[in-house]
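Results of the structural survey
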Amino acid sequence: MKAIGFKTSLPIIENESFIEFETAVPQPSGRDILVKINAISINPVDYKVRQNSAKDTVLETPKIIGWDATGIVEAVGEAVTFFKPGDAVYYAGDLTRSGSNAEYQLIDERIVGLKPSTLSNAEAAAMPLTALTAWESLYDRIRINEQKDKGKSILIIGGAGGVGSIAIQIAKKVSGLKVITTASRTETKEWCKTMGADVVVNHNNLVEEVRVAGFKEVDFILDFVDLNNYWDAIVELIKPQGHIVSITGSAAPIALNKLKNKSVTFSWELMYTRSMYQTDDMDEQHHILNKLTELFDNGTLKTTLNTTLKGFTADNLKEAHRLLESGKTIGKVVIEY
């Protein structure tokens, strides 16, 4: 099969930042399924891994990355119970295994869902990683109760990005929350409104903007951009006994003591935790993806696909990474095979 990978971490403008090569089609066993891939999407994790996983070294075998895909099940391992050959599926993958930048991939069935039938391959490939991240942030970390929490306020920092775009939709249309989100450009503000945001504020003056919009404090905050830059604003804006979730990590220590007087809960969210540690509830991602499929197919949620590149080539993968690295992308970038 054809695959695209890299042997060393290079700037995306370099010829060998990605290289095409041939490798054997893997065979499934256990709970793995073999998927013939139809489309993939690119996320910030892709370029971060490419930039950092082979620094100052040259790998013997090219590293295959990629963590969003849709395709058709070709074969299944002997312990598989969720899928059969011919099923159309979508998934966000596993950081610890070979990725989706290939024609075929082995993936554990417990982190795979049935593809939404109303979405094209490209539209579906855009969704798994970001939708799982948003869903887990709301339902596994904050533990939203749709009856008790309906009408409460949530501030989403970074509304026009991949995760923000679907988080706005889930928070508004599924959880029933009042959604405030951040954006600064005309096109990103319009995108956030299209996704369903009630209020769009400029992140450059966050506290004042949120208060001018009529919110002294908010019940929940999701950080999808940069925890360090916004920490003081987040601390000021969160309600007593509120809940903050961040997916961004932090190079410097975070002053959690600033949350003490308000008795605020803080949670990290990493979509890969379940697969990385083979948690007892690893198959929850299978069930979440199937729930999301229902929501796409009944029209509650819509794809956040915004850019489609045609053809599985190194040049297209380089272009997708270049777009993501610019920090200016809106919604998702997909490569359709």
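See the structure above.
Some points on the layout of surface pockets
Unfilled space is identified by rolling a water-sized probe across the atoms. Roughly 1200 Å³ of volume is contained in the largest pocket. Lining the largest pocket are 43 residues, and of these Pro44, Lys48, Phe224, Val225 and Ile247 lie nearest its centre. Considering each element in turn, the lining of the largest pocket owes the most residues, four residues, to helix H1 (residues 44-52).

Looking at the packing of H1 against helix H10 (residues 314-325)
Following both chains from N to C, one finds H1 and H10 inclined at 105 degrees, their axes separated by 9 Å at the closest point. When the axis of H1 is compared with that of H10, the two are roughly perpendicular. Where H1 abuts H10, its residues Pro44, Asp46, Tyr47, Arg50 and Gln51 lie against His321, Leu324 and Glu325. Of the residues in the contact of H1 with H10, the class split is three nonpolar, two polar and three charged.

So, the nonpolar core
Counting 84 residues, the largest nonpolar core has Leu138, Ile154, Ile170, Leu222 and Leu292 as the members making the most contacts within it. In this view, isoleucine 154 contacts Leu138, Ala171, Leu177, Lys178, Val179, Ile180, Phe220 and Leu222; residues no more than four positions away in its chain are not counted. Core analysis: the next-biggest nonpolar cluster, separate from the first, contains 24 residues, Ile157, Ile180, Val207 and Val264 among them.

Reading the values: rules and limits
- Position numbers for residues start from 1 in each chain and track the written sequence from start to end.
- In keeping with the model being predicted, local features are shown solely for residues with a pLDDT of at least 70 and side-chain atom pairs are shown and tallied solely at 80 or more, while totals for entire chains, interfaces and linings include all residues.
- Each side-chain value is worked out from all heavy atoms of the structure, with water and hydrogens disregarded.
- As defined here, a cavity is a set of points on a 1 Å grid over the protein atoms alone where a 1.4 Å probe fits but cannot get out. A pocket is an open set with protein on both sides within 12 Å along at least five of seven lines, and residues line them when an atom is within 4 Å of a point.
- Grid points are joined across faces, edges and corners, and a volume is the space filled by probe spheres set on the points.
- Only DSSP runs of H or I reaching four residues or more are called helices, and only runs of E reaching two or more are called strands; each is numbered from the N terminus.
- Whenever a helix is involved, its axis is fitted only over the stretch in contact; in every case the axis is a line through C-alpha atoms, and angles between N-to-C directions fall within 0 to 180 degrees.
- These descriptions rest on fixed angle ranges, namely under 35 degrees for roughly parallel, over 145 for roughly antiparallel, 65 to 115 for roughly perpendicular, and the rest for oblique.
- Should any heavy atoms of two residues lie within 4.5 Å, those residues are counted as being in contact.
- Each residue is assigned to one class: nonpolar for Ala, Val, Leu, Ile, Met, Phe, Trp, Tyr, Cys and Pro, charged for Asp, Glu, Lys and Arg, and polar for all the others, Gly among them.
- Nine residue types can take part in a nonpolar core, namely buried Ala, Val, Leu, Ile, Met, Phe, Trp, Tyr and Cys, and a core is a set of them joined through side-chain atoms within 4.5 Å.
- Accessible area is worked out with a 1.4 Å probe on protein chains only. A residue is then buried under 20% of its type maximum, exposed over 50%, and partly exposed in between.

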